[in-house]
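Residue strings, one per chain:
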Amino acid sequence: MISAQFYKLALQFRSRHLKFLHERIGSLPTIYIGKRKMNGKEVEVIRVYQNVNGTSKRLQFNAASPKSSKWKLLMTEKAALLSRENNLEFKSYLNNPLDKLTVNEHISDQSLHQDQFSKPVFDSLEELNDKNIQGGYEYDGHLFRSKSELMMAQLFNELGMEYKYEILFVSGQSRYYIYFAVYCPETGRFFFVEHFGRMSDENYRIRTFQKITCYIQNRFIEGLDILYTYELSEGGFFIDVLKSKVLSIVAAQLMINH
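Residues numbered from 1 in each chain as written. Predicted model: local features only at pLDDT ≥ 70, side-chain atom pairs only at ≥ 80, totals over all residues. Heavy atoms only, no water.

Participant: Help me understand the pattern of salt bridges in this model?
Facilitator: Side chains that differ in charge, positive against negative, can pair when their charged atoms come close. Scanning the model with the defined rule gives eight salt bridges in all. Residue Glu162 pairs with Lys119 through a salt bridge whose shortest N-O separation is 3.8 Å. Taken as a pair, Glu162 in strand S6 (residues 162–171) and Lys119 in helix H3 (residues 119–124) lie far apart in primary sequence, 43 residues in all. Here the salt bridges do not stand alone but share partners, grouping Lys119, Asp123 and Glu162 into one network. (Salt bridge = Lys/Arg side-chain N within 4 Å of Asp/Glu carboxyl O. Helix = DSSP H or I, 4+ residues; strand = E, 2+ residues; numbered from the N terminus.)

Okay, structure coming up:
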């Protein structure tokens, strides 16, 4: 489901970030600022403890000498990295089970044109349901025009999202069929997906730009209300790219709604 996908992705990024911090901190020497008597006077010194080829080595520099500048910078960097590690938000969730994660389930009624993309509107959308598609791909009670569209439908099912295929969209004198309308239960709203599959064809590209212009005029916000996928040639469609776009649009809806 979508929430599990986000949780997994968040843990992956968090783990990689912690690994970076650990490795960088571990590569830096231990550095202290201390004092020692020199010529009867107490002066500030920099003490550096580092491991060289398995052997512990200690260096000491007068804090006022130019040689100490490098070590002061490394000491400041290490302190900043340790602070980031100790205060890393949600770090504890890396060791906690999923059921300890708390989420805000409230959906705001004040979100940007929420009603336009609500579940009742989604339920009212009618599919073209063309049974005369030549060389189509059957899946989930639908007949898709291309393998890419079939893969998209499979992804939506994998993520636990409802979808409708080939939805009529009317704007003034313009009539278009949008490839998919996809409802996400976690956000309580749907979005459109337009797939442009023959972008190597000049006439097709012109019609594509006309459709996008129409959607902009109807205040569809790309990345929130609609997302676009493209295919330049046979085999030029990557399902993981679509998956990342779907997760991004859901994240945008969550941020708008909470």
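Participant: What exactly am I supposed to notice about unusual backbone geometry here?
Facilitator: The phi torsion of most residues other than glycine is negative, and most of the peptide bonds are trans. Even without being glycine, Asn129 reaches a positive phi, approximately 55 degrees. Residue position: Asn129 is located in the loop between H3 and strand S4 (137–139). Even without glycine at this site, Arg219 takes up a positive phi of about 65 degrees. For Arg219, the location among the structural elements is in the loop between helix H5 (202–217) and strand S9 (226–230).

Participant: Even after reading the chapter, I still don't get the environment of Phe238, so can you show me in this structure?
Facilitator: Mapped onto the elements of the fold, Phe238 is located in the loop between S9 and helix H6 (239–257). Residues Phe238 and Met151, spaced 87 residues apart in sequence, show a C-alpha to C-alpha distance of 9.5 Å.

Participant: How should the sheet that holds strand S3 (residues 55–62) be read in this particular structure?
Facilitator: The pairing of strands in a sheet comes from backbone hydrogen bonds and takes either a parallel or an antiparallel form. Ordered in space as S1-S2-S3, the three strands form an open sheet in which the pairing is antiparallel. In this open sheet, the two strands that pair with only one neighbour each are strand S1 (30–38) and S3. Between one strand axis and the next, the sheet turns through 30 degrees on average, direction left out of account. Relative to strand S2 (residues 41–52), S1 is paired through nine bridges, and the arrangement is antiparallel. Bridge pairing links Thr30 to Tyr49 in S2. (Pairing = 2+ DSSP bridges. Axes fitted to C-alpha atoms, helices over the stretch in contact; angles between N-to-C directions.)

Participant: Explain H5 to me, please; I cannot follow it from the model alone.
Facilitator: Count 3.6 residues to each turn of an α-helix, and residues three or four apart come out pointing the same way. For H5, which comprises 16 residues, the first-to-last C-alpha distance of 23 Å matches the rise-based estimate of 22 Å (1.5 Å per residue) to within 8%. Buried residues in H5 make contact with S6, strand S7 (174–184), strand S8 (189–196) and S9. Within two residues after H5, Arg219 carries a phi angle of roughly 65 degrees, on the positive side. (Expected span 1.5 Å × (residues − 1). Contact = heavy atoms within 4.5 Å.)

Participant: Would you take a moment to explain the sheet that holds S8 for this structure?
Facilitator: The strand order across the open sheet formed by four strands is S6-S7-S8-S9, and the pairing between neighbours is mixed. Only two strands of the sheet have a single partner each, and these edge strands are S6 and S9. Across the sheet, the mean angle from the axis of one strand to that of its neighbour is 35 degrees, orientation sign disregarded. Where S6 lies against S7, nine bridges are found, and the strand directions are antiparallel. Of the residues in S7, the one forming a bridge with Phe169 is Tyr176.

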